[in-house]
There are 4 protein chains.
Amino acid sequence: MNLEEEIDMYGRMAMAIDVIEGCQEFAYLIPEVRTNLVYARTDAKTKEDVMGIDGRITVVSGRPHAAGKPKFGASSHMARLIIEIRKADPSLRSGMDFANNPHLAKWLEHYCQANGWVFSVIDRRLEPEEIKDAEGASMPWKAKAAIEAAGGKVPKIFYETGAVGKEPVSVLVGREPLVVAQQVCEIARLYYGERQA
Amino acid sequence: MNLEEEIDMYGRMAMAIDVIEGCQEFAYLIPEVRTNLVYARTDAKTKEDVMGIDGRITVVSGRPHAAGKPKFGASSHMARLIIEIRKADPSLRSGMDFANNPHLAKWLEHYCQANGWVFSVIDRRLEPEEIKDAEGASMPWKAKAAIEAAGGKVPKIFYETGAVGKEPVSVLVGREPLVVAQQVCEIARLYYGERQA
Amino acid sequence: MNLEEEIDMYGRMAMAIDVIEGCQEFAYLIPEVRTNLVYARTDAKTKEDVMGIDGRITVVSGRPHAAGKPKFGASSHMARLIIEIRKADPSLRSGMDFANNPHLAKWLEHYCQANGWVFSVIDRRLEPEEIKDAEGASMPWKAKAAIEAAGGKVPKIFYETGAVGKEPVSVLVGREPLVVAQQVCEIARLYYGERQA
Amino acid sequence: MNLEEEIDMYGRMAMAIDVIEGCQEFAYLIPEVRTNLVYARTDAKTKEDVMGIDGRITVVSGRPHAAGKPKFGASSHMARLIIEIRKADPSLRSGMDFANNPHLAKWLEHYCQANGWVFSVIDRRLEPEEIKDAEGASMPWKAKAAIEAAGGKVPKIFYETGAVGKEPVSVLVGREPLVVAQQVCEIARLYYGERQA
């Protein structure tokens, strides 16, 4: 155990949750499968080395609401995704998933261009059957596909199209969860601002 | 407002949540989209007349956990589904969704036979495109398809196969949420008991 | 177990909590020891037969907030108080405690007069030493003292002056918790309205 | 705003809450007025510069439970107490209050001796009337009295005897909340271990 690292992780996750719960517009970007936000130890090897939000972020009284507390091992999908992403760029320790629809996808693509961010799209219908069925094998495939689709770079945001029985999500990655939460909430505010204008 | 009806609704929903939160095995039957439990007023017309659990039921510390409180209007999908089901049988005021996989589907079919319950399966790939895309049109289709697949009877449990981008769920319906919760928890206990045996 | 009675108890307690949490002014009437609201079974004998709010009602984000859920056995002080009160009038099954200061005491006395409610004051410095020290003996003394001070009637509201080491509280009693909560919240709204006027 | 300091504060408070909520024995040391844990900024001047637990720590399902989240400005009493204590020793940024009874007082005195910790007792009946009545004036008096009673040193733990209308509490102070929480929980475990032995 590295006490300084843990204090930093608990601190940034708590502040990130305050940012998310304070952004009402983000309630509209929470997918049916709910959102998780993860933060990996610098030497993370398994999901137990990755902090996630227990019970994920859901919507209560019309606002984003963390169902439980940040905890090591609380995420499975997003934790395994960030572990894979870090094989390509170990500086990326955090990620957050959010809604996904064709209109938002177009918007995100332009937003990434305007910010100089890499954006990529993966088509989960291309995921081989033997990978879909093997527990835990989807995440390495998704990470690899997102990087390949971006010409070898790790995308800042990637979008996936849905497969049978799977709700697609968008994912934004970054170095730490406070900035990741601020970036996703900025997207929620701008996207809904524009739609209402 | 009918005070006696509301007291009954708040009371049975609270007791149903205690049943669900007290059943650890149910944590394994919570789908990615999370579970909701609904209870409709006797004269329910819109989702505002149906009580649901705000933020749905998620998993915290390995146990089922209601993210918020029972509230009128808190459910959208399950509320609209029970409104449709009641057009065929108004005595059914409650429903709950849970996990769905081929192994569980077989098990549920046998369990329903043993209990003399009607069981049916709907194939969401058959859902017409114009219905999938129209906001709110899926639920009437699902209810109708589940009843048709049961030869005109309202099934006690129905199962759906997934469409692109949609996680499939199983649904159990009944007269009131306390018994519905007890029935779903009984399924969770038996199903996981048998798998471990 | 009497199912109908339990449904009524869970239902009214849930609705009463919604009333209390929706009344911001009540936050100012929550004493340091926090508030509890209790509801006794018709044949209550011990605190296990009385429903209370687990963790009491505290103040979060400036608003009244039930720390846990209504539960049989969750209250000790207020549960034992209502059990004693019911020896004089079994129709009274619910009670709630709240703040207490000399200004509020005067106001409550006038408010009770205006409503035709019995009001009484007890002086806890008169509580015999042997009763103070005996675990659980204070409540019978308090109930008796409140009734004596009201000339043999059960007061609708009673007020106590503090003893060494004990924060004094005011108590309002009634037949069921939904009306008790509405009455206490009405007091909070009127009292703070007048102070601000 | 000092970002590094805030991350440290949110992080240590979150970890301290996990320590407290994980210590069942501490439930018995929570006073009627409930417990708070505070952590002051290095340059704290008012309660808004001190982090506390919103809604305090209460008991739910028999276990210590933080009613809300750590927040700047969430504590009033304990925040003002630590601000006063820091005038004598600015390295002390955290404090936590807990139960208080004559048996525990004796035990704490011996425990402090064994640990080489300064312990002192203050008698709140000696608090001048004009201070008791002036909002916010009690804390400076308490801090001063606790230091005087310890011969000019800041005590590690101090105990107070109750005044009329005030529940007495014990207070433990330290440099940061994670160690403060661990020290209070160690006391809870040892004290209840010895009583049961």
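One can find the structure itself at the top, above this paragraph.
Within each chain, residues carry numbers counting from 1 in the order of the written sequence. Labels are handed out in written order, letters beginning with A for the chains and numbers beginning with 1 for the ligands. For a predicted model such as this one, the threshold for reporting local features is a pLDDT of at least 70, and the threshold for listing and counting side-chain atom pairs is 80 or more; totals across whole chains, interfaces and linings nevertheless cover every residue. No hydrogens and no water enter the side-chain calculation; it runs on all heavy atoms of the structure.

1. Brief notes about the sheet that holds strand β9 (residues 170-174) of chain C
All names here are of chain C. The seven strands are arranged β5-β2-β1-β6-β9-β8-β7 in an open sheet whose pairing can be described as mixed. The sheet is open, and its two edges are formed by β5 (70-72) and β7 (119-123), each paired on a single side. Taken over all neighbouring pairs, the strand axes of this sheet differ in orientation by 20 degrees on average, direction set aside. Between two residues, a contact is recorded if the distance between any of their heavy atoms is within 4.5 Å. Every angle, taken between N-to-C directions, lies between 0 and 180 degrees, and every axis is a line fitted to C-alpha atoms, over only the stretch in contact when it is a helix. Think of it this way: any DSSP run of H or I at least four residues long counts as a helix, any run of E at least two long counts as a strand, and we number them from the N terminus. Sitting on the sheet, helix α5 (residues 138-149) touches β7 and β8 (157-161), and the angle it makes with β7 is about 130 degrees. In short, DSSP must find at least two bridges between two strands for them to pair.

2. Details of the sheet that holds strand β1 (residues 37-40) of chain B
Residue and element names in this part refer to chain B. Taken together, seven strands build an open sheet; the order of strands is β5-β2-β1-β6-β9-β8-β7 and the sheet is mixed. Two strands in the sheet have a free side with no partner beyond their single neighbour: β5 (70-72) and β7 (119-123). Each adjacent strand pair in this sheet contributes to an overall mean axis angle of 20 degrees, direction not counted. Here strand β6 (residues 94-98) pairs with strand β9 (residues 170-174) via five bridges, running antiparallel. Each residue of the ladder has a partner; that of Asp97, found in β9, is Val171.

3. Structural notes on the relation of the copies chain D and chain C
For the match of chain D to chain C, the screw axis carries a shift of 0.0 Å, the RMSD comes to 0.0 Å, and the turn is 180 degrees. Here the copies are linked by what is in effect a two-fold axis. Of all interface residues in chain D, 100% are interface residues in chain C too; the two copies therefore contact each other through one and the same surface. Residues below a pLDDT of 70 in either copy are left out; the C-alpha atoms of the rest, at least 70 in both, set the least-squares superposition of the copies.

4. So, the relation of the copies chain B and chain A
Of the transformation superimposing chain B on chain A, the axial component is 0.0 Å and the angular component is 180 degrees, with the fit at an RMSD of 0.0 Å. Looking at the interface residues of chain B, 100% of them are also at the interface in chain A, so both copies use one shared face.

5. A short note on the side chain of D:Glu6
Residue and element names in this part refer to chain D. Take Glu6: it is sitting in helix α1 (residues 3-21). Think of it in three bands: residues with accessible area under 20% of the maximum for their type are buried, residues over 50% are exposed, and the middle band is partly exposed, with areas taken using a 1.4 Å probe on protein chains only. When its relative accessible area of 8% is taken as the criterion, Glu6 is described as buried. Side chain to side chain, Glu6 and Arg41 meet in a polar contact 2.9 Å long. Counted as a polar contact is a pair of N or O atoms within 3.5 Å, where, for protein atoms, one must be capable of donating a hydrogen and the other of accepting one, and residues adjacent in sequence contribute only when both atoms are in side chains.

6. Here we look at the packing of helix α3 (residues 102-115) of chain B against helix α6 (residues 177-196) of chain B
To describe two helices that pack against each other, one gives the angle between their axes and the distance between the axes. Residue and element names in this part refer to chain B. Following both chains from N to C, one finds α3 and α6 inclined at 115 degrees, their axes separated by 12 Å at the closest point. α6 is crossed by α3, and the crossing has right-handed handedness. Contacts between α3 and α6 involve His103, Leu104, Trp107, Leu108 and Tyr111 from the first element and Glu186, Ile187, Leu190, Tyr191, Glu194 and Arg195 from the second. Polar here means any residue outside two lists: the nonpolar Ala, Val, Leu, Ile, Met, Phe, Trp, Tyr, Cys and Pro, and the charged Asp, Glu, Lys and Arg; Gly therefore counts as polar. Of the residues contributing to the contact of α3 with α6, the split by class is seven nonpolar, one polar and three charged. Note: crossing handedness is left-handed where the near helix turns anticlockwise from the far helix by less than a right angle, and right-handed where it turns clockwise.

7. Describing the packing of aromatic side chains
Any pair of Phe, Tyr and Trp rings, taking the six-membered ring for Trp, is counted once the centres come within 6.5 Å. Such a pair is stacked with planes under 30 degrees apart, edge-to-face with planes over 60 apart, and tilted for the rest. Summed over the entire model, instances satisfying the criterion amount to 24 aromatic pairs over all chains. With a centroid separation of 5.1 Å and an interplanar angle of 45 degrees, the aromatic rings of B:Tyr28 and B:Tyr192 are classed as tilted. On the criterion of sequence distance, the pair formed by B:Tyr28 in the loop between α1 (3-21) and β1 and B:Tyr192 in helix α6 is long-range, its members being 164 residues apart. Ring pairs connect the aromatic residues A:Tyr28, A:Trp107, A:Tyr111, A:Trp117, A:Tyr191 and A:Tyr192, which therefore count as one cluster. Positioned above the aromatic ring of B:Trp117 is the side chain of B:Lys156, whose terminal nitrogen or guanidinium carbon lies 5.2 Å from the ring centre. Any Lys NZ or Arg CZ found within 6 Å of a ring centre and within 35 degrees of that ring's normal is scored as a charge over the ring.

Don't take any of this as a statement about function, it's just geometry.
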